[in-house]
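So the chains spell out like this:
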Amino acid sequence: MKLKILLPFKVFAEKADVLRIVSETHSGSFGLLPHRRDCVVALEPGILIYETEADGEVFVAVDGGVLVKTGPDVRVSVRRAMGGVNLGQLRQAVEQEFLVLDAREQNVRSVLAKLESGFLRRFATFQHD
């Protein structure tokens with residue numbers, strides 16, 4: 001398989017001859033072998049593992065995104081990614097950076113929704129006057 005990990009503004013990694021890929025979804029771990037049927041999967045923040053003959057197992061911390069397999073090509077599109085050798089450090093990075101940031105994003109979205117609804121209520125009152 002040919003794996004390409006894409007970030008919003010650059011290509012994080014591009015590997016050929018990938019033997020297997022394992023990623024995390026909301027339903028649990030999801031594995032890909034070269035002859036698996038084409039598919040699309042929503043990824044959760046977690047560790048993506050791919051294996052090649054040359055590099056062995058490689059661990060990449062990824063933020064939420066999408067994995068698309070079409071034929072031998074696998075595209076992983078995520079907001080953020082971090083490479084590293086130590087699996088423990090990557091897991092900690094996912095927990096500290098990606099999940100905490102997602103909680104912050106939810107808080108910001110909540111505040112924005114409240115501001116928008118308040119603006120719309122005031123606007124509606126203004127129209128009736």
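Residues numbered from 1 in each chain as written. Predicted model: local features only at pLDDT ≥ 70, side-chain atom pairs only at ≥ 80, totals over all residues. Heavy atoms only, no water.

1. Digging into unusual backbone geometry
Even without glycine at this site, D17 takes up a positive phi of about 55 degrees. Along the chain, D17 turns up in the loop between strand 2 (10-15) and strand 3 (18-25). (Helix = DSSP H or I, 4+ residues; strand = E, 2+ residues; numbered from the N terminus.)

2. Describing the sheet that holds strand 2
Within the open sheet, the five strands sit side by side as 2-1-9-8-5. Their pairing is mixed. In this open sheet, the two strands that pair with only one neighbour each are strand 2 and strand 5 (39-43). Geometrically, the sheet is characterised by an average inter-axis angle of 15 degrees between neighbouring strands, direction not taken into account. For strand 8 (residues 65-70) and strand 9 (residues 73-78), the ladder comprises six bridges, and the chain directions are antiparallel. Bridge assignment links V66 to a residue of strand 9, and that residue is S77. (Pairing = 2+ DSSP bridges. Axes fitted to C-alpha atoms, helices over the stretch in contact; angles between N-to-C directions.)

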